[in-house]
Amino acid sequence: MGFAERGIYSTNDLTNHHVANYASNSEHKASHEMMTLLDDVRLVRNHAYINGKWQCGDRFHAVENPANNQTVGYISMLNEQQIEEAIESADNAFHPWRKLSADQRAELLMNWYYAILEAKQDLAYLMVVEQGKTLAEAIGEVEYGASFIRWFAEEAHRSYGHTIPSHINNAQLSTLREPIGVAALITPWNFPNAMITRKAAAALAIGCTVVIKPASDTPFSALALAELADRCGFPAGVFNVVTGEAAMISKTLCASPIVKALSFTGSTPVGKLLLKQAADTVKKCSMELGGNAPFIVLDDMDIEQAVQAAIDAKFQTSGQDCLAANRIFVPRRHYGSFLSKFAEAMNNIVVGNGLDPKVTLGPLISASAAQNAARLVNDAIDKGARLIYQYQGHLSGANFFPPTLLADVTPDMAVYREENFCPVAGVIPYDNVEQVIKMSNDTEYGLAAYVYGHNIHNIWRCMRGLEFGMVSVNSVKMTGGPIPFGGVKQSGLGREGSSHGFDEFSEIKYCCLGQLPTASGS
Ligand code: NAP
């Protein structure tokens, strides 16, 4: 369906077109649990969204609830031709979309923003059953995800170029910022909503069209975002979501000369693979990869406050967060009291199904993730770490791992070197600021770092000395629309959010406007 037929300003109540799509969709629809949780069951989509239509694949793939291993629903496995079709539809939609005024694109984005907030509770339920986080965390993520849409809808009006003082006589020099074209967005399962909106909002606001490949473990959140975008009247082809086998989809997106930008969030090894695949067509690549965040408690910090902050920075989303405090550094003189207060605070954690309001920590995404957590703990203990605390409550399945506190973690341990992605907190004593900065930097990662303390001289030394893309002092909350999110070293390339977020989806065109000499005799 074209731009004119869709009416780009309408917020669209459900049309016959949507209801028909939903009916034809229902053969492989979601579990009874999911359908009973949601007020608006039409948000549950199991076909891919291409060119404004819901498309069925050759096969279906079961998505499991990590809290109980029950099937949440089935999603379509598309074939290569369908991925090509999605790319082509994004290409066809690109020129009309970029030609819209910034106001028009912003208005559609704001419609999408309000639609998401209106559906907040349902989107959060969807996320809990496919991802496993708690309902409170899921609601927080939906709000956080929506905030990027609002921010970029506003920023759409400010994607400025520059004028340049000319070094050429009688010439006007300037730059234009132009949308790059079709952008491929590949996202992970730990933040199934916000990792999509943080990319898509920037890309759409500046005038790109998108083909989104969500993680296979959490596709329903992405498809619900597509359903809402569809209701808001985004023109066909502007917003596409494809599901299926990761390697085939990524290869097809990377090999396509039509796709001009690749924005990936996920693990560092997959990021490296995609960079290689994208090299042949020289795509603009932005990579939001893994982290190994240090959490530095400075000597003058109140220990109780530091413990609470470290708990918050460690256990969000069951520790499956690229910003999770991976290595907690504590001055030697506060070490004992920090450990005992941390263990005491861990007593308040309740592990279970995220739908239960008493639960504060959900399952891990899979049984293999829980096995990996056990490997990290065993390796650390074998190498001399002390087990200070481990959750003793009932765990209702193989995807759960008991929150664990380890002391005397050292650089030779996997828990120090690797991104943990589980509820295991490793604590390390240190003697002085210079040493803790050096230890913090002793990693191939460089995403985020936390510092807690009062002395401005020491804080400043940390802020300057830490080799991380983001340093947060005395605040666990650091992200949001206005800030440039991203890492250095092997944590990634490029930034998401803020005006820098446009850089990944645009090109700078330099224009030199000379003045022809006046023709003789005229
Ligand atoms: P992942 O395994 O790298 O997967 C991310 C995406 O890549 C998924 O869509 C996945 O598809 C796809 N993929 C996986 N293997 C692939 C392959 N061989 N070829 C092409 N595509 C492939 O990462 P994850 O486990 O989902 O997410 C956790 C990681 O993301 C952590 O390292 C975390 O730090 C990072 N992360 C970083 C940020 C940030 O902003 N820096 C934010 C969140 C997460 P399937 O799901 O279909 O396999």
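See the structure above.
Residues numbered from 1 in each chain as written. Predicted model: local features only at pLDDT ≥ 70, side-chain atom pairs only at ≥ 80, totals over all residues. Heavy atoms only, no water.

Draft legend 1. Local environment of the pattern of salt bridges. With the rule as written, the count across this model stands at 22 salt bridges. Residue Arg158 pairs with Glu155 through a salt bridge whose shortest N-O separation is 3.2 Å. Using a relative accessible area of 8% as the deciding quantity, one classes Glu155 as buried. Ionic pairing is found between Lys383 and Asp379, a salt bridge with its closest N-O pair at 2.7 Å. Given the relative accessible area of 40%, Lys383 is considered partly exposed. One network of salt bridges, with partners in common, ties together Asp40, Arg42, Arg45, Glu227 and Arg231. (Salt bridge = Lys/Arg side-chain N within 4 Å of Asp/Glu carboxyl O. Buried < 20%, exposed > 50% of the residue type's maximum accessible area, 1.4 Å probe, protein only.)

Draft legend 2. Region of the structure containing the packing of aromatic side chains. Evaluated as defined, the whole model comprises 15 aromatic pairs. Arranged with centres 5.2 Å apart and planes meeting at 15 degrees, the rings of Phe295 and Tyr452 form a pair that is stacked. Taken together, the positions of Phe295 in strand S12 (residues 293-297) and Tyr452 in strand S17 (residues 448-452) put the pair 157 residues apart, joining distant regions of the chain. Centre to centre, the rings of Phe338 and Phe342 are 5.7 Å apart; their planes meet at 35 degrees, and the pair counts as tilted. Of the two residues, Phe338 and Phe342 both sit in helix H13 (residues 335-346), 4 residues apart, roughly one turn of that helix. Across this residue pair, the class does not change: Phe338 and Phe342 are buried. Taken together, the ring pairs in this structure connect Trp97, Trp112, Phe234 and Phe239 into an aromatic cluster. The lysine or arginine in question, Arg198, covers the ring of Phe485, its NZ or CZ lying 3.9 Å from the ring centre. The ring of Tyr416 is capped by Arg327, whose NZ or CZ atom sits 5.1 Å from the centre of that ring. (Phe/Tyr/Trp six-rings, centres within 6.5 Å; stacked < 30°, edge-to-face > 60°. Helix = DSSP H or I, 4+ residues; strand = E, 2+ residues; numbered from the N terminus. Lys NZ or Arg CZ within 6 Å of the ring centre and 35° of its normal.)

Draft legend 3. Region of interest: the sheet that holds strand S16 (residues 424-430). Strand order in the open sheet made by the 7 strands is S14-S15-S16-S13-S12-S17-S18, with mixed pairing throughout. Each edge of the open sheet carries a strand with a single partner, namely strand S14 (386-390) and strand S18 (470-473). Sheet twist, expressed as the average angle between the axes of neighbouring strands with direction ignored, equals 20 degrees. In the sheet, S14 pairs with strand S15 (residues 404-407) via 4 bridges, with the strands oriented antiparallel. Of the residues in S15, the one forming a bridge with Tyr389 is Leu405. Across the sheet, H13 touches S12, strand S13 (325-331), S14, S15 and S16, and the angle it forms with S15 is around 170 degrees. Sheet strands touched by helix H16 (residues 433-441): S12, S13 and S16. Its angle to S13, the strand with the most contacts, is close to 165 degrees. (Pairing = 2+ DSSP bridges. Axes fitted to C-alpha atoms, helices over the stretch in contact; angles between N-to-C directions. Contact = heavy atoms within 4.5 Å.)

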